[in-house]
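Spelled out from the first residue to the last, the chains are:
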Amino acid sequence: MGDNYAAYRSDPPVVPDWLNKGDNAWQLACATFVGLQSMPGLVVLYGSIVKKKWAVNSAFMALYSFASSLIVWVLVAYNMAFGEKLLPFWGKAGPALGESYLVRRARFPATAHYFRNGTLENPMEEPFYPQATLVIFEFMYAAITLILLAGSVLGRMNIKAWMAFSPLWLIFSYTVGAFSLWGGGFLYQWGVIDYSGGYVIHLSSGIAGFTAAYWVGPRLKCDRERFAPNNILLMIAGAGLLWLGWTGFNGGAPYAANITASIAVLNTHICAATSLLMWTCLDVIFFGRPSVIGAVQGMMTGLVCITPGAGLVHTWAAILMGLFSGSVPWFTMMILHKKWTLLQKVDDTLAVFHTHAVAGILGGILTGLLAVPQLSSFDLPVPGEKGVFYGGGIFQLFKQIIGAIFVIIWNIISTTVILLSIGWFIPLRMPDDQLMIGDDAAHGEEAYALWGDGEKFDVTRHETIVNNGHGPANESMHQHLANMGARGVTIQL
């Protein structure tokens, strides 16, 4: 290509010396993969896994969160998560909008690691692509965290309260976990391992979702007793987008198209498959038949569990993690949940606590045990980090537990304060009369325009069709419907 070709112009350089085009392309592709997990993955999953009367509301909560998060992210939140250090657990707020900022080489300014005597041990991370690439990739992580949280409060949260909650939670909760563990904060510097978000994303969303479900309150009794999916095939399609999108979720965590990315992608899918099979087998053993919803939950727990260590463990360890992720969350959901009063009291609609909080902690602890020295040296910032089973010492497991405790406490406090503050101005829960109606009350819209389910039957318009124009004038509408077999097209969802 000559210098005359604008895409490769040398003055000013469109392709500067520090730019690795392969890394840049991979990172943008990974950002797209993670984005597809939310849009349309979780939008479709949420819209289909709930009762028909909540399909629109559930999908819209995810759609709104994705859009609102992006604006908040570039205005203030990105630099709070990955900018200059303000506090040991928080970065300095600031916009990520200027041209000079976005076209320079990407960097994590707070990630430089020092010896105890103050001399530099590892310089700050500087991937080989523009800051704009890093901003959009990290946004996709932030957005999906908030959308996962929404799964705990589907089917009753006031949509206006959710619209206020989304940006506030992103600013005051997500950014703290992201900076502390990824952006150069105290847990990052201390050596807590969270390869791709087992704590930052999944533990945070699970604990914050459970806390939100407590403060918002439960669904109607009839909804809690029966909340069957309105479209299981669409639910599987949404889950499939989520699963395949995890290629970018864990494959993009090294910030480069390198060996770690390849290992992470392979381990991700192996763990998810193992977990799905384990969950399904337990369903068959204890309940006599496999459950499609259970298989999706097993898939999810496998993806969550491998996330803290996807690029750091052997592939046989990914199978082992899949066996644990398909059984431990199954036990907490199917057995422990029925015996623990608090779990029964809090109405966590999609069991986000079990599929994300429990699986996230499990993955973090297993990573602390199984992280391989060589793979860890490729990716982790603190030299010598490795699992307990490879000479890392029991102190690494202690670090993992302390990291989890910090994330849990911060999310409980921040989510509580945000919701109680919003509750002063906007009711957190829809009133019971609107909960009986669902989407039509919340949005004036319904998911399925089926005759006999939300549409009025106009007798005058259909009379010719009913009896070819020969029906008695005084025949009732119900008789007309019976004559034409209307019951055959009225679907109960």
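Our structure's up above, just so we're on the same page.
This is a predicted model, so every value here is computed, not measured. (Residues numbered from 1 in each chain as written. Predicted model: local features only at pLDDT ≥ 70, side-chain atom pairs only at ≥ 80, totals over all residues. Heavy atoms only, no water.)

### Describing the layout of surface pockets
A volume near 1,300 Å³ is recorded for the largest pocket. Taken together, 43 residues form the lining of the largest pocket, with Ile-293, Gln-297, Met-333, Thr-349 and Ala-351 sitting closest to its centre. Elements with a minimum of two residues in the lining of the largest pocket: α1 (21-49), α8 (221-225), α10 (259-287), α11 (292-306), α13 (328-339), α14 (341-345) and α15 (352-370). A total of 6 residues in the lining of the largest pocket trace back to one element, the largest contributor, which is α11. Tallied by class, the residues present in the lining of the largest pocket amount to 24 nonpolar, 10 polar and 9 charged. (1 Å grid on protein atoms, 1.4 Å probe; cavity = no way out; pocket = protein on both sides within 12 Å on 5 of 7 lines; lining within 4 Å. Points joined across faces, edges and corners; volume = space filled by probe spheres on them. Helix = DSSP H or I, 4+ residues; strand = E, 2+ residues; numbered from the N terminus. Nonpolar A, V, L, I, M, F, W, Y, C, P; charged D, E, K, R; others polar.)

### Quick word on the pattern of salt bridges
Following the criterion strictly, the structure yields 6 salt bridges and no others. A salt bridge links Asp-347 to Arg-224, with the shortest nitrogen-to-oxygen separation between them at 3.5 Å. Within this pair, whereas Asp-347 is found in the loop between α14 and α15, its partner Arg-224 is found in helix α8, the two being separated by 123 residues in sequence. Residue Arg-429 pairs with Asp-432 through a salt bridge whose shortest N-O separation is 2.8 Å. By relative accessible area, which is 43% here, Asp-432 ends up partly exposed. A network of salt bridges, in which partner residues are shared, links Lys-51, Lys-53 and Asp-223. (Salt bridge = Lys/Arg side-chain N within 4 Å of Asp/Glu carboxyl O. Buried < 20%, exposed > 50% of the residue type's maximum accessible area, 1.4 Å probe, protein only.)

### Focus: the packing of α11 against helix α12 (residues 315-325)
Describing two packed helices takes the angle between their axes plus the distance from one axis to the other. Where α11 meets α12, the closest approach of the two axes is 9 Å, and the angle between their N-to-C directions is 130°. It follows that α11 is oblique to α12 by the angle criterion. Read as a crossing pair, α11 and α12 show a hand that is right-handed. Together, Thr-301, Gly-302, Cys-305 and Ile-306 of α11 and Ala-318, Met-321 and Ser-325 of α12 make up the contact between the two elements. Within the contact of α11 with α12, the residues separate by chemical class into 4 nonpolar, 3 polar and no charged. (Axes fitted to C-alpha atoms, helices over the stretch in contact; angles between N-to-C directions. Parallel < 35°, antiparallel > 145°, perpendicular 65-115°, else oblique. Left-handed = near helix turned anticlockwise from the far one by under 90°. Contact = heavy atoms within 4.5 Å.)

### A short note on the environment of Asn-250
Along the chain, the position of Asn-250 falls in helix α9 (residues 232-251). Asn-250 gets classed as buried once you look at its relative accessible area, which sits at 0%. Between the C-alpha atom of Asn-250 and that of Pro-308, which follows or precedes it by 58 residues, the distance is 9.0 Å. Every residue in contact with Asn-250, bar those within four places of it in the chain, is listed here: Tyr-195, Ser-196, Ala-264, Thr-268, Ile-306, Thr-307 and Ala-310. Separated by 2.7 Å, the side chains of Asn-250 and Thr-268 make a polar contact. (Polar contact = N/O pair within 3.5 Å; in protein donor to acceptor, adjacent residues only side chain to side chain.)

### Looking at the side chain of Thr-274
Counting through the fold element by element, Thr-274 comes out in helix α10. When its relative accessible area of 15% is taken as the criterion, Thr-274 is described as buried. When sequence neighbours within four positions are dropped, the list of residues in contact with Thr-274 reads Ile-319, Gly-322 and Leu-323.

### Some remarks on the side chain of Ser-166
Among the secondary structure elements, Ser-166 is positioned in helix α5 (residues 159-181). Taking relative accessible area as the criterion, Ser-166 reaches 1% and is therefore assigned buried. Excluding its chain neighbours within four sequence positions, the residues that come into contact with Ser-166 are Tyr-64, Ser-65, Ser-68 and Leu-146.

### A closer look at the packing of aromatic side chains
The tally for this structure, following the rule as stated, stands at 27 aromatic pairs. Ring centres of Phe-66 and Phe-139 lie 5.3 Å apart, and the angle between their planes is 70°; this geometry places the pair in the edge-to-face category. Here the residue Phe-66 occupies a position in helix α2 (residues 55-82), and Phe-139 occupies one in helix α4 (residues 131-150), the gap between them amounting to 73 residues. Ring pairs connect the aromatic residues Trp-73, Tyr-78, Phe-82, Phe-108, Phe-137, Tyr-141, Tyr-174, Trp-182, Trp-246, Phe-249 and Tyr-255, which therefore count as one cluster. In this structure, Arg-219 packs its charged tip against the face of Phe-227, placed 4.4 Å from the ring centre. (Phe/Tyr/Trp six-rings, centres within 6.5 Å; stacked < 30°, edge-to-face > 60°. Lys NZ or Arg CZ within 6 Å of the ring centre and 35° of its normal.)

### Focus: the packing of α11 against α15
Between α11 and α15, whose axes approach to 7 Å, the crossing angle comes to 35°. Seen along the crossing, α11 lies across α15 with a hand that is right-handed. On α15, the residues that touch Gln-297, Met-300, Thr-301, Val-304 and Cys-305 of α11 are His-354, Thr-355, His-356, Ala-359, Gly-360, Leu-362, Gly-363 and Leu-366. For the contact of α11 with α15, the residue count by class is 6 nonpolar, 7 polar and no charged.

### What to know about a nonpolar patch on the surface
Among the surface-exposed residues, Tyr-214, Trp-215, Phe-331, Leu-336, Trp-340, Leu-342 and Leu-420 lie close enough to one another that they form a single nonpolar patch of about 640 Å² accessible area. Secondary structure elements with two or more residues in the nonpolar patch: α7 (198-216) and α13. Here Trp-215 shows up in helix α7. Taking relative accessible area as the criterion, Trp-215 reaches 33% and is therefore assigned partly exposed. (Patch = residues over 30% accessible without salt bridge, like charges linked within 9 Å, V, L, I, M, F, W, Y side chains within 5 Å. Areas by Shrake-Rupley, 256 points an atom, 1.4 Å probe, with all protein chains shown as cover.)

### Describing unusual backbone geometry
In this structure, Pro-40 follows Met-39 across a cis peptide bond, with omega equal to 15°. Along the polypeptide, Pro-40 turns up in helix α1. A positive phi angle is found at Tyr-255, which is not glycine, with a value near 65°. Within the fold, Tyr-255 resides in the loop between α9 and α10. You will see that Ala-351, though not glycine, has its phi angle at about 55°, which is positive. Here Ala-351 lies in the loop between α14 and α15. With relative accessibility at 12%, the residue Ala-351 sits in the buried group.

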